[in-house]
Amino acid sequence: TQLLEQSPQFLSIQEGENLTVYCNSSSVFSSLQWYRQEPGEGPVLLVTVVTGGEVKKLKRLTFQFGDARKDSSLHITAAQTGDTGLYLCAGVKWGAQKLVFGQGTRLTINP
Amino acid sequence: DTGVSQNPRHKITKRGQNVTFRCDPISEHNRLYWYRQTLGQGPEFLTYFQNEAQLEKSRLLSDRFSAERPKGSFSTLEIQRTEQGDSAMYLCASSFVANTEAFFGQGTRLTVV
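A quick note: this is a predicted structure, and the numbers were derived from the prediction, not measured.

Visitor: Where do I start with the confidence of the model for chain A in this structure?
Guide: When pLDDT is low, close inspection of the predicted coordinates is not appropriate. Taken as a whole, chain A shows an average pLDDT of 95; of its residues, 98% reach a score of 70 or greater. Here strand E10 (residues 100–101) of chain A stands out as the element of chain A with the lowest mean pLDDT, 94, in contrast to strand E3 (residues 19–24) of chain A, whose mean of 98 is the highest.

Here it is as structure tokens:
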């Protein structure tokens, strides 16, 4: 059983559309991170959220941490072809030192 | 500092052979992590070091796997008697002790034939 469940697992949309990716768990996390990974490369950190209810914006990307610290979402406005990639959420449980990853959302933005 | 560096980037080996991978973390980072990622999945934790001490190992790390960080700088991950199921991307990451934000290397893609 995956500790962090991401949905959808695959998403293919047209350039200019908006989208939301979800990361859900029954566990509480002290922090949650979002990464983007290109084929054959390591994950690249996009953002870290640490406070329940926190919202962070990175240009067209908006990240939210759930009030109960069990879930997170990533919203992309006006998607561009350069947003294509594998988006991974990863959480750190209280008192732990390691990241626990979701299975990822593979996003394809079509021109 | 150019970030976390992993070598080799790709390794093809025959079943039963031993392989060793190297990771050079960001120089100021005390913590170093190893993860394994199979196709279509997120990375899975293998082990981590704080300086030279190996503080946690996953049950995924069978006795064929060993990791070292002898001087608290670079780390090596060795797999003995490789099996086809070991084929995966092996990722190294590093972070500060007080911060679990991890920065990943480009990974080593292992293929066991």
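There's plenty left to go through after this.
Visitor: Please explain the interface of chain B and chain A as it appears in this structure.
Guide: Interface size, as often reported, equals the accessible area lost upon joining of the parts. Facing the 21 residues of chain B at the interface are 20 residues of chain A. Both faces combined, the contact of chain B with chain A buries some 1,600 Å², and carbon together with sulfur accounts for 50% of it. In terms of surface lost to chain A, no three residues of chain B exceed Thr100(B), Glu101(B) and Phe104(B), which account for 28% of the buried area on that side. Across the pair Arg9(B) and Glu41(A) runs a salt bridge whose closest N-O atoms are separated by 3.6 Å. Linking chain B with chain A are 9 residue pairs in polar contact (both at pLDDT 80 or more). Element by element, the count of residues in the side of chain B that touches chain A is highest for strand E4 (residues 31–37) of chain B, at 4 residues. Of the residues that constitute the side of chain B that touches chain A, the class distribution is 10 nonpolar, 7 polar and 4 charged.

Visitor: What exactly am I supposed to notice about the pairing of strand E5 (residues 44–50) of chain B here?
Guide: Look at any regular strand and the pattern is simple: side chains alternate between the two faces of the sheet. Residues and elements named next belong to chain B. In terms of residue burial, E5 counts as a mostly covered element, since 5 of its 7 residues are buried. Hairpin geometry of E4 and E5 is characterised by an intervening segment of 6 residues between the two adjacent antiparallel strands and by a positive phi of about 80° at Gly40. Pairing between E5 and strand E6 (residues 53–57): 4 bridges, direction antiparallel. Across the sheet, the residue bridging to Tyr48 is Glu56, located in E6. Two successive antiparallel strands, E5 and E6, enclose a turn made up of 2 residues, where Asn51 displays a positive phi of approximately 55°.

Visitor: I tried to follow the pattern of salt bridges on my own but got confused; where do I start?
Guide: Close approach of charged atoms allows side chains with opposite charge to pair. The tally for this structure, following the rule as stated, stands at 8 salt bridges over all chains. A salt bridge links Lys98(A) to Glu56(B); its shortest N-O distance comes to 2.8 Å. You can see Lys98(A) sitting in the loop between strand E9 (85–93) and E10 and its partner Glu56(B) sitting in strand E6, one on each of two chains. Take Lys98(A): its relative accessible area is 23%, and that puts it in the partly exposed class. For Glu56(B), a relative accessible area of 26% corresponds to the partly exposed category. Linking Arg64(B) and Glu83(B) is a salt bridge whose minimum nitrogen-to-oxygen distance equals 3.4 Å. Here the residue Arg64(B) occupies a position in the loop between E6 and strand E7 (65–68), and Glu83(B) occupies one in the loop between strand E8 (75–79) and strand E9 (88–95), the gap between them amounting to 19 residues. If you follow the salt bridges from partner to partner, you end up with Arg64(B), Glu83(B) and Asp86(B) in one network.

Visitor: What is the right way to look at the sheet that holds strand E8 (residues 71–76) of chain A in this model?
Guide: Strand pairing in a sheet relies on backbone hydrogen bonds. The paired strands run either parallel or antiparallel. Residue and element names in this part refer to chain A. An order of E1-E3-E8-E7-E6 is seen for the 5 strands of this open sheet, with the pairing classed as antiparallel. The two strands at the open ends of the sheet, each matched to only one other strand, are strand E1 (5–7) and strand E6 (55–58). Sheet twist, expressed as the average angle between the axes of neighbouring strands with direction ignored, equals 15°. The pairing of strand E7 (residues 61–65) with E8 spans 5 bridges and is classified as antiparallel.

Visitor: What is the right way to look at the packing of aromatic side chains in this model?
Guide: Overall, the coordinates contain 11 aromatic pairs over all chains when judged by the stated rule. With a centroid separation of 6.0 Å and an interplanar angle of 70°, the aromatic rings of Phe101(A) and Phe104(B) are classed as edge-to-face. Of this pair, Phe101(A) sits in strand E10 while Phe104(B) is found in strand E10 (residues 103–104), placing the two residues in two different chains. The residues Phe101(A) and Phe104(B) share a single accessibility class, namely buried. An aromatic cluster is present here, built from Tyr35(A), Phe101(A), Tyr33(B), Tyr35(B), Phe45(B), Tyr48(B) and Phe104(B) joined pairwise through their rings.

Visitor: Please explain the nonpolar core as it appears in this structure.
Guide: Nonpolar side chains in soluble globular proteins tend to end up buried together. In terms of nonpolar packing, the biggest core is built from 20 residues, with Leu19(A), Leu32(A), Trp34(A), Leu74(A) and Ile76(A) touching the most fellow members. Elements with a minimum of two residues in this core: E3, strand E4 (29–37), strand E5 (44–49), E7, E8, E9 and strand E11 (105–110) of chain A. For Leu19(A), the residues in contact, after removing those within four places along its chain, are Leu11(A), Ile13(A), Leu74(A), His75(A), Ile76(A), Ala79(A), Leu107(A) and Ile109(A). Counting residues in hydrophobic clusters, the runner-up holds 19 residues, among them Val19(B), Phe49(B), Phe65(B) and Ala67(B).

Cut-off values and rules
- Residues numbered from 1 in each chain as written.
- Chains lettered and ligands numbered in written order.
- Predicted model: local features only at pLDDT ≥ 70, side-chain atom pairs only at ≥ 80, totals over all residues.
- Heavy atoms only, no water.
- pLDDT = per-residue confidence, 0-100.
- Helix = DSSP H or I, 4+ residues; strand = E, 2+ residues; numbered from the N terminus.
- Contact = heavy atoms within 4.5 Å.
- Buried area = accessible area lost by both parts, 1.4 Å probe.
- Salt bridge = Lys/Arg side-chain N within 4 Å of Asp/Glu carboxyl O.
- Polar contact = N/O pair within 3.5 Å; in protein donor to acceptor, adjacent residues only side chain to side chain.
- Nonpolar A, V, L, I, M, F, W, Y, C, P; charged D, E, K, R; others polar.
- Buried < 20%, exposed > 50% of the residue type's maximum accessible area, 1.4 Å probe, protein only.
- Pairing = 2+ DSSP bridges.
- Axes fitted to C-alpha atoms, helices over the stretch in contact; angles between N-to-C directions.
- Phe/Tyr/Trp six-rings, centres within 6.5 Å; stacked < 30°, edge-to-face > 60°.
- Core = buried A, V, L, I, M, F, W, Y, C linked by side-chain atoms within 4.5 Å.

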